[in-house]
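Residues per chain are reported as follows:
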Amino acid sequence: MARRSTPTHRHGPGPLAAAIGIVGELLLTLGALLLLFLVWQLWWTDVVADREQSGIIAGLQDDWGSVDQETIAPAQDGPPPRPDTLGENRVWGTMHVPTFDRDTFPLAEGVSLEEVLNVKGAGHYPDTALPGEVGNFSVAGHRNTYGRVFEDIASLQPGDPIVVETADAFYVYEVTESLIVDPSAVEVIAPAPGEPDAEPTEQMMTLTACHPMYSARERYIVHAEFAYWTDRADGIPEALATTEET
Amino acid sequence: MYAWMFRHLPGPLWARILLTVVLLVLIVVALFGWVFPAIAPYMPFNDGLVGADTAGTAD
């Protein structure tokens, strides 16, 4: 009993205590790394992508010239012009979704995560139709992180407009339905949506994004149908008119 | 481990604190700039695509 109260020799902690100390510090380090990764993924990727996308949109405005925001362009009757997609991973349009908080973002060719979706905005599935064409113009985008262009995809209701702007024209689509499917459900981007073997007869559009939020277990799908197109030189389409005032 | 490192940094206390902060900032820059972008594709929540072309990416 008496021995316990006497001062013990002070040579630092024994080997076991030292080992436990190091393991503890490693665990703390691991925790800090995980937290930092979350900060990077949930916040920093948005900061970088927002900056990148703003630059792209400003560059497109310079290239294409400004649009008369005061004038509502008349809907055109003729067949819509075929957009030039410029080449893999190149930005060739912008998308306007008035329902979304951030309602304008770039549209590029291809769905590579590293080259398109993580850095530029939305991406056109390469083998699907182009805006205005009969078939299924299909676009992928992030719902969380990397600028999250489709963050508000679940707020889209039937009838809501989705507008694609190119150097020459605005293509206006209206939402028809929203679905939640498995990641393997390629039929949603088939030329006739949901019917992989059918010959397309309608001008459809499809958006695909992650579902649920912060997961990739399923996909959130929005189908839309072509309504009309307008000449970019004439002003903005009616679908964008109400949002410009707010 | 970290106490040992701190004791072996050169200079007076203020210099060692400054050095520690600089090292931490450099580590964060390296993580944000290179390490995290490299491992992000393997995380299971970054993919909004449909179809077989997602096999090589996170899913």
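Remember, predicted model here, so these are calculated numbers, not experimental data.

A few points about the environment of S184 of chain A
Next, step 1: With respect to the secondary-structure elements, S184 of chain A resides in the loop between β6 (169-181) and β7 (203-211).
Next, step 2: As for S184 of chain A and E218 of chain A, which are separated by 34 residues in sequence, their C-alpha atoms are 8.9 Å apart.

Structural notes on the sheet that holds β7 of chain A
Residues and elements named next belong to chain A.
Next, step 1: Strand order in the closed barrel made by the eight strands is β1-β2-β3-β4-β7-β8-β6-β5, with mixed pairing throughout. Put simply, the sheet's adjacent strands are angled 30° from each other on average, direction ignored.
Next, step 2: Along the sheet face, helix α2 (residues 15-64) touches β1 (91-96) and β2 (104-109) and points at about 85° away from the line of β2.

Describing the interface of chain B and chain A
Next, step 1: Each partner contributes residues to the interface: chain B has 20 residues there, and chain A has 26 residues.
Next, step 2: Looking at the side of chain B that touches chain A, the element that brings in the most residues is helix α2 (residues 13-39) of chain B, giving four residues.
Next, step 3: When grouped by side-chain class, the residues that make up the side of chain B that touches chain A number 13 nonpolar, five polar and two charged.

Section: α2 of chain A
Next, step 1: Spanning 50 residues, α2 of chain A covers 70 Å between terminal C-alpha atoms, matching the ideal 74 Å at 1.5 Å per step.
Next, step 2: Along α2 of chain A, the helix axis deviates most sharply at W44 of chain A, where the bend reaches about 35°.
Next, step 3: Across the 50 residues that make up α2 of chain A, only a small minority, four, are buried.
Next, step 4: Packing partners of the buried residues in α2 of chain A comprise β2 of chain A together with α2 of chain B.
Next, step 5: Where α2 of chain A terminates, the next one or two residues include G65 of chain A, which has phi positive at roughly 85°.

A few points about the confidence of the model for chain B
Residue and element names in this part refer to chain B.
Next, step 1: Of all residues in chain B, 80% have pLDDT values of 70 or greater, and the mean over the chain is 81.
Next, step 2: A low-confidence stretch, residues 52-59 (pLDDT under 50), is modelled with 18 contacts involving residues beyond four sequence positions or located in other chains.
Next, step 3: Scored as a whole, the predicted complex attains pTM 0.84, and scored at its interfaces, ipTM 0.81.

Remarks on the environment of G123 of chain A
Residue and element names in this part refer to chain A.
Next, step 1: Topologically, G123 is positioned in strand β3 (residues 122-124).
Next, step 2: By C-beta crowding, G123 is classed as buried, having 29 other C-beta atoms within 10 Å.
Next, step 3: C-alpha separation for the pair G123 and V91, spaced 32 residues apart in sequence, amounts to 8.7 Å.
Next, step 4: Once residues within four sequence positions are removed from consideration, G123 is found in contact with A108, G110, V111, V116, L117, V139 and A140.

Points about α2 of chain B
Residues and elements named next belong to chain B.
Next, step 1: The terminal C-alpha atoms of α2 lie 36 Å apart, and with 27 residues this matches the ideal 39 Å at 1.5 Å per residue to within 8%.
Next, step 2: Of all bends in α2, the biggest is about 45°, found at L31.
Next, step 3: Where burial is concerned, little of α2 is hidden: zero out of the 27 residues are buried.

Regarding the packing of α2 of chain A against α2 of chain B
Next, step 1: The interhelical angle for the contact between α2 of chain A and α2 of chain B, taken along N-to-C directions, is 65°, at an axis separation of 11 Å. In terms of orientation, α2 of chain A lies roughly perpendicular with respect to α2 of chain B. Two packed elements cross with a definite hand, and for α2 of chain A against α2 of chain B that hand is right-handed. Between α2 of chain A and α2 of chain B, the contacting residues are L36, F37, W40 and W44 of chain A on the first element and V28, L31, F32 and F36 of chain B on the second.

Parameters and conventions
Residues numbered from 1 in each chain as written. Chains lettered and ligands numbered in written order. Predicted model: local features only at pLDDT ≥ 70, side-chain atom pairs only at ≥ 80, totals over all residues. Helix = DSSP H or I, 4+ residues; strand = E, 2+ residues; numbered from the N terminus. Pairing = 2+ DSSP bridges. Axes fitted to C-alpha atoms, helices over the stretch in contact; angles between N-to-C directions. Contact = placed C-beta atoms within 7 Å. Nonpolar A, V, L, I, M, F, W, Y, C, P; charged D, E, K, R; others polar. Expected span 1.5 Å × (residues − 1). Bend = angle between axes of the 7 residues up to and from the residue. Buried ≥ 20, exposed ≤ 12 C-beta atoms within 10 Å, placed from the backbone. pLDDT = per-residue confidence, 0-100. Parallel < 35°, antiparallel > 145°, perpendicular 65-115°, else oblique. Left-handed = near helix turned anticlockwise from the far one by under 90°.

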